[in-house]
Amino acid sequence: MTTMVDALRPAADDALRAWAARVRANREQVEQYREASAADFYAPIAGMFRADPRRRDEPTLEALRELVKPSDTVLDIGAGGGRYALPLALVAREVVAIEPSEAMRRVLAETMAHYDVRNIRAVNGRWPAVAHEVSGDVALMSHIGYDVEDIGPFLDAMDTAARRARIAVLLSQPPPTEADRFWPFIHGVERAALPSLPEFLSLLLARDRLFEVRLVDRSPQSYEQPDQALAWLRQQLWTAPGSPKDALLERLARERLQERDGRFALSWEPVRVGLVVF
C-alpha cells in the first residue's frame, strides 16, 4: 500500500527531503555549467557588504534591534562582512560572528576597526560544524540556509546553542532570483530555484515548531557602478571572464540594468523579507 503525502501537512522527513532535493538540484546545475572556480565564493564581492552600523534606514535591522536585549550574546551565523553583526553589537553585550569566508572576515575586521566596534568575536568555520564551540542567548541566521542541503542538523544546532531565541531572516524568493532569470539565455536551461521563506515556514510546521513572522520590505539590491552588478551576476552564473558566455552575460546585463539617482539595479521592485522567531 502506497502512503499518500499530504501537501498541506507534510511529515518532517518529507519536508526535509523536499528541501534537500531543491538544494541538490541547484548545486548540480552549478557543477554541470560552471566555468569559474569556487575557491572563495564571496571574495569578488566581499567589499559590497560594508555598511554603517549606525544606519537607521533598514526595516529588517530595526526589527532585529527590537528583538535583541542589552544583556544578549548573539550568534550571527554566516555573519559575512558584518552587515548585522556590527549594528547588533551596539545594542547587545557581545556578537559572535561565525563566518567561513576569509574575504568576508577581512571586511568584518576592517569595518570593526573603522567604526571602533570591539565586542565582536569572529569564528572561522561553518555551521553546524563549529556549533560545539559557541553558545549564546540568540542565534541569528540572516540570508543563509537557502543552499544548506542538510538543514535539519543546522536548525537542531541553533536550538542547542541559543538559550532564548532563534531568528531567521529570509527573502520571500531566493536571493539570486534576478540572476536566475539569465540562466536560460546563458546556459540554455531554467534555473533550479533554491528554497526560501515559504518553504522554511512549511519546514518549521512539519517539525512541529510554532513561530512568529514579521514581514517587511527591503530596498532592491543596487550598485554604484554597472561593473559591480556584473561581478555579482558572474558569481551567480559561474562564467569565466573573457569566455563567450561571459561576453553574452555582460551584454545582457548592461541592456537590463536600470539607472536611478546615480545607482544601478536589475529591478527596482522592493523585495519582501520575513523575520521568523522560532
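Residues numbered from 1 in each chain as written. Predicted model: local features only at pLDDT ≥ 70, side-chain atom pairs only at ≥ 80, totals over all residues. Heavy atoms only, no water.

Colleague: So what about the packing of aromatic side chains? Which residues, and what values?
Modeller: Overall, the coordinates contain three aromatic pairs when judged by the stated rule. Relative to Phe 200, the ring of Trp 19 has its centre 6.3 Å away and its plane inclined at 65°; by these criteria the two rings are edge-to-face. On the criterion of sequence distance, the pair formed by Trp 19 in helix H1 (residues 12-33) and Phe 200 in helix H8 (residues 197-206) is long-range, its members being 181 residues apart. Of the two residues examined, Trp 19 and Phe 200, each falls in the buried class. Here Tyr 33 and Trp 183 contribute two aromatic rings whose centre-to-centre distance is 6.0 Å and whose plane-to-plane angle is 90°, an arrangement assigned as edge-to-face. With Tyr 33 in helix H1 and Trp 183 in helix H7 (residues 183-186), this pair connects stretches of sequence that are 150 residues apart. Like Trp 183, Tyr 33 is buried. By the ring-pair criterion, three or more aromatic residues cluster together here, those being Trp 19, Phe 200 and Phe 278. Cation over ring: Arg 256 sits above Phe 182, and NZ or CZ is 4.7 Å from the ring centre. (Phe/Tyr/Trp six-rings, centres within 6.5 Å; stacked < 30°, edge-to-face > 60°. Helix = DSSP H or I, 4+ residues; strand = E, 2+ residues; numbered from the N terminus. Buried < 20%, exposed > 50% of the residue type's maximum accessible area, 1.4 Å probe, protein only. Lys NZ or Arg CZ within 6 Å of the ring centre and 35° of its normal.)

Colleague: Now, about the side chain of Gln 236: what can you tell me, with residues and values included?
Modeller: Turning to its location among the elements, Gln 236 is positioned in helix H9 (residues 226-237). A relative accessible area of 16% places Gln 236 in the buried class.

Colleague: Tell me about the pattern of salt bridges, residues and numbers included.
Modeller: All chains considered together, the criterion is met by 24 salt bridges. With a shortest N-O distance of 2.5 Å, Arg 164 and Asp 72 are connected by a salt bridge. With Arg 164 in strand E5 (residues 162-171) and Asp 72 in the loop between helix H2 (59-67) and strand E1 (73-77), this pair connects stretches of sequence that are 92 residues apart. We classify Arg 164 as partly exposed; its relative accessible area is 33%. With a relative accessible area of 2%, Asp 72 lands in the buried category. When the shortest N-O distance is used, the salt bridge between Asp 159 and Arg 166 registers 3.2 Å. What emerges from the salt-bridge pattern is a single network uniting Arg 24, Arg 27, Glu 31 and Glu 149. (Salt bridge = Lys/Arg side-chain N within 4 Å of Asp/Glu carboxyl O.)

Colleague: Requested: an account of the layout of surface pockets, with residues and values cited.
Modeller: One way to see where empty space is left: roll a probe the size of a water molecule over the atoms. Roughly 410 Å³ of internal volume is contained in the second largest pocket. Taken together, 20 residues line the second largest pocket, and the ones lying closest to its centre are Ala 7, Pro 10, Ala 15, Ser 202 and Leu 203. Elements with a contribution of two residues or more to the lining of the second largest pocket: H1 and H8. A total of seven residues in the lining of the second largest pocket trace back to one element, the largest contributor, which is H8. Looking at the lining of the second largest pocket residue by residue, the classes come out as 13 nonpolar, one polar and six charged. (1 Å grid on protein atoms, 1.4 Å probe; cavity = no way out; pocket = protein on both sides within 12 Å on 5 of 7 lines; lining within 4 Å. Points joined across faces, edges and corners; volume = space filled by probe spheres on them. Nonpolar A, V, L, I, M, F, W, Y, C, P; charged D, E, K, R; others polar.)

Colleague: Summarise the packing of H9 against helix H10 (residues 244-256); cite the residues concerned and give the values.
Modeller: Taken N-terminus to C-terminus, the directions of H9 and H10 make an angle of 135°; their axes are 10 Å apart at the nearest point. Taken together, the axes of H9 and H10 lie oblique to each other. For the element pair H9 and H10, the recorded crossing hand is right-handed. Contacts from Pro 226, Asp 227, Leu 230, Leu 233, Arg 234 and Leu 237 in H9 reach Asp 246, Leu 249, Glu 250, Ala 253 and Arg 254 in H10. (Axes fitted to C-alpha atoms, helices over the stretch in contact; angles between N-to-C directions. Parallel < 35°, antiparallel > 145°, perpendicular 65-115°, else oblique. Left-handed = near helix turned anticlockwise from the far one by under 90°. Contact = heavy atoms within 4.5 Å.)

Colleague: Run through the environment of Ile 144, naming residues and quoting values.
Modeller: For Ile 144, the position within the fold is in the loop between strand E4 (136-142) and helix H5 (151-161). Here the alpha-carbon distance between Ile 144 and Pro 175, two residues 31 residues apart in the chain, equals 9.5 Å. Ignoring any residue separated from it by four or fewer positions in sequence, one finds Ile 144 in contact with Ile 77, Gly 78, Phe 154 and Leu 170.

Colleague: Go over the pairing of strand E3 (residues 120-123), please, and point to the residues and values.
Modeller: Pairing analysis gives four bridges linking strand E2 (residues 94-98) to E3, with the strands arranged parallel. Within E3, the position partnered with Val 96 by the bridge is Arg 121. (Pairing = 2+ DSSP bridges.)

Colleague: Help me get a handle on H1, residues and values and all.
Modeller: Residue pairs spaced three or four apart in an α-helix point in one direction, given the helix's 3.6 residues per turn. When the terminal C-alpha atoms of H1 are compared, their 32 Å separation across 22 residues agrees well with the 32 Å that a helix rising 1.5 Å per residue should span. Residues of H1 that are buried make contact with H5, H7, H8 and H10. (Expected span 1.5 Å × (residues − 1).)

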